[in-house]
Amino acid sequence: MDSTSTYDDSVSAHDDPVHLGDGAAWRSGARRALATEAVHAGRDDLARQGLHAPPIDLSTTYPSYDSRAEAARIDAFATDGADPAGPPVYGRLGNPTVARFETALARLEGTESAVAFASGMAALSAVLLARTAAGLRHVVAVRPLYGCSDHLLTAGLLGTEVTWTDPAGITDALRPDTGLVLVESPANPTLAELDLRAVAHACGTVPLLADNTFATPVLQRPAEHGARLVLHSATKYLGGHGDVLAGVVACDEEFAGQLRKIRFATGGVLHPLAGYLLLRGLSTLPVRVRAASATAAELARRLAADPRVSRVRYPRLGGAMIAFEVLGDPHEVVSRVGLVTPAVSLGSVDTLIQHPASISHRIVDADDRRGAGVSDRLLRLSVGLEDVEDLWSDLDRALGQGR
Ligand SMILES: *Cc1c(COP(=O)(O)O)cnc(C)c1O
């Protein structure tokens, strides 16, 4: 067994012990605990409007009889990408329902702003386009990354050039035209963990993008460790129910302005209904992540003690993902699950299992994939909210005779 650590319950939504002050402190925006922000951020104006659930604004366009004001707002947006003041203009510039989700996610990640996209890959593409547009086309990245992120960089689909390195090699890999350093921790699919603070230090003035999809802001807030950009495939834990495809970048307002301009010009916007579902998902994020993490920690312990399993990776940080290698045929294990769903993706209320070498990381060259620790025997389990004993009996049956 490689590294299995006990889930540390102190690393949870309760790790931010700030107490709410009086009503004045509330209204002045005093920092609230993560569990509170999850339920209230992006919704602070609702009660005074006589609303409880946030409205879903499906408008693609917004009427205005004052075209001079429209011109001024579009000019302002073109300058710095700031959200246009006053009523919305057009759905590709911004949407009030999506903005609620962006506000809430920024609060949870502890950043000034957040910009939502149609998918995690659309979000990463916008970041890469923002850097290449600034003449900085070189990217330094640490494997493993999510398979399609690896592919986007390796294939140079957006005109970037990538240098793959390990964390110790980041500083040496930087060039004058390096626009971005890209890491995941815990990484998809091996759950390898990085010291984000050390990585951020190694980047110097080059922006560090940390993909925080696996940890979520409940377990880790990379901006606190020096990452300038925090990316999520919101399709996973933020949505949390397997029914919305989305991406988001949490960052400072200056970078957010660049991302909004890219989003406006390239069109990878998030649908307002998806924005609504994500805001709803955030409200239960701390509870879901804590509950699924406790179950995952127990399953990781049992897998680590099982003779049919050769290796288990469970992050020191905790979380609801487990990576493990079986002595038998991993395809057979996938074919035998019953309660667990054999499917790619992760972060849903139900438990999913997949074989990364066949699906999520299939698009990565086999040698690169294996070099990054993604062995052909590796299985990736995304633990949901089912009862731990029911999950274990399903896994136990799926592991079969162990060969
Ligand atoms: C799924 C995933 C992505 C891509 O997100 P999509 O929403 O599928 O486009 C990026 N990073 C990680 C770590 C992922 O798991």
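Residue positions are given per chain, counted from 1 along the sequence in the order it is written. Local features are withheld for residues below a pLDDT of 70 in this predicted model, meaning they are given only at 70 or higher, and side-chain atom pairs are given and counted only at 80 or more; totals for whole chains, interfaces and linings count all residues. Side-chain metrics in this entry use all non-hydrogen atoms of the structure; hydrogen atoms and water are not considered.

Comments concerning the overall build of the chain
Looking only at helices and strands, the chain has 14 helices and 13 strands in total. The globule rule puts the C-alpha radius of gyration for 403 residues at 22 Å, and the 21 Å found for the chain is close to it. Along the first, second and third principal axes, the C-alpha atoms of the chain reach 75 × 50 × 35 Å. For the chain, the share of sequence-separated contacts (at least 6 apart) that also reach a separation of at least 24 residues comes to 71%. Computed with the Shrake-Rupley method and a 1.4 Å probe, the accessible areas treat only the protein chains shown as cover for residues. Accessible area for the chain stands at about 16,900 Å²; split by element, carbon and sulfur atoms hold 55% of it. Put simply, DSSP H or I for four residues or longer makes a helix, DSSP E for two residues or longer makes a strand, and each gets a number counted from the N terminus. Atoms considered for the radius of gyration are the C-alpha atoms alone. The globule rule reads 2.2 Å times the number of residues to the power 0.38. When checking whether two residues touch, look at their non-hydrogen atoms; a contact exists if any pair is within 4.5 Å.

Concerning the confidence of the model for the chain
Per-residue confidence from the prediction method is given by pLDDT, with values spanning 0 to 100. Residue-level pLDDT values for the chain average 93, and 92% of them are 70 or greater. Predicted confidence is poor over residues 1-27, with pLDDT under 50, and the contacts of this stretch with residues over four places away or in other chains come to 53 contacts.

As for the packing of helix α5 (residues 120-133) against helix α6 (residues 147-154)
Lines fitted to C-alpha atoms define the axes, with helix axes restricted to the stretch in contact, and inter-axis angles between N-to-C directions lie between 0 and 180 degrees. Two elements in contact, α5 and α6, have axes whose closest approach is 11 Å; the angle formed by their N-to-C orientations is 30°. One finds that α5 runs roughly parallel with respect to α6. Between α5 and α6 the crossing geometry is right-handed. Of the residues in α6, those touching α5 at M121, L124, S125 and L128 are C148, S149, L152 and L153. Each angle receives one of four descriptions, namely roughly parallel if under 35 degrees, roughly antiparallel if over 145, roughly perpendicular if within 65 to 115, and oblique otherwise. Should the near helix be turned counterclockwise from the far one by less than a right angle, the crossing is left-handed, whereas a clockwise turn marks it as right-handed.

Details of the pattern of salt bridges
For salt bridges, the criterion is a side-chain nitrogen of Lys or Arg within 4 Å of an Asp or Glu carboxyl oxygen. With the rule as written, the count across this model stands at 25 salt bridges. Note that E224 is salt-bridged to R221, the shortest N-O span being 3.1 Å. R308 is paired through a salt bridge with D396; the nearest N and O atoms lie 2.5 Å apart. Of this pair, R308 sits in the loop between α11 (272-304) and β9 (309-314) while D396 sits in helix α14 (residues 388-399); the two residues are 88 residues apart in sequence, bridging distant segments of the chain. What you see here is one network of salt bridges that share partners, running through R32, E37, D44 and R107.

Some remarks on the packing of α11 against α14
In a pair of packed helices, the angle between the axes and the distance between the axes together describe the arrangement. At a minimum axis separation of 10 Å, α11 and α14 run at an interaxial angle of 35°. In the crossing of α11 with α14, the sense of the turn from one axis to the other is right-handed. Along the contact surface, α11 presents T295, E298, L299, R302 and L303, while α14 presents V388, E389, L391, W392, L395 and L399.

Digging into the site of the ligand
One heavy atom suffices: a residue is near a molecule or strand as soon as one of its heavy atoms comes within 4 Å of it. Taken together, 14 residues are adjacent to the ligand, and M121, D211, S233, T235 and K236 come closest. N or O atoms closer than or at 3.5 Å make up a polar contact, with two conditions inside protein: a donor-capable atom paired with an acceptor-capable one, and, for residues adjacent in sequence, both atoms drawn from side chains. At 2.9 Å from an oxygen atom of the ligand is found a main-chain nitrogen or oxygen belonging to M121. Between an oxygen atom of the ligand and a side-chain N or O atom of K236, the distance comes to 2.8 Å. Calculation on the ligand without its partners gives an accessible area of 380 Å², and the protein chains cover 93% of this total.

Structural notes on the sheet that holds strand β2 (residues 113-117)
In this description, strands pair whenever DSSP reports at least two bridges between them. Pairing within the open sheet is mixed, and its seven strands lie in the order β2-β8-β7-β6-β5-β3-β4. Here the strands that pair on one side only, and so sit at the sheet edges, are β2 and β4 (161-164). On average, adjacent strands in this sheet sit at an angle of 20° to one another, irrespective of strand direction. Pairing of strand β3 (residues 138-141) with strand β5 (residues 178-184), which is carried by four bridges, proceeds in the parallel orientation. Bridging from a neighbouring strand, V140 pairs with V181 of β5. Its contacts with the sheet place helix α4 (residues 96-109) against β2, β7 (229-233) and β8 (247-251), and it is angled at close to 130° to β2. Sitting on the sheet, α6 touches β3, β4 and β5, and the angle it makes with β4 is about 120°.

As for unusual backbone geometry
Glycine aside, a negative phi is what most residues show, and trans is what most peptide bonds show. Of note, the amide linkage connecting R143 to P144 takes the cis form, showing an omega dihedral of 0°. You can see P144 is positioned in the loop between β3 and α6. Omega for the peptide link from N188 to P189 comes to 10°, which places this bond in the cis form. When you line up the elements, P189 lands in the loop between β5 and α8 (196-202). Unusually for a residue other than glycine, L191 sits at a positive phi of about 70°.

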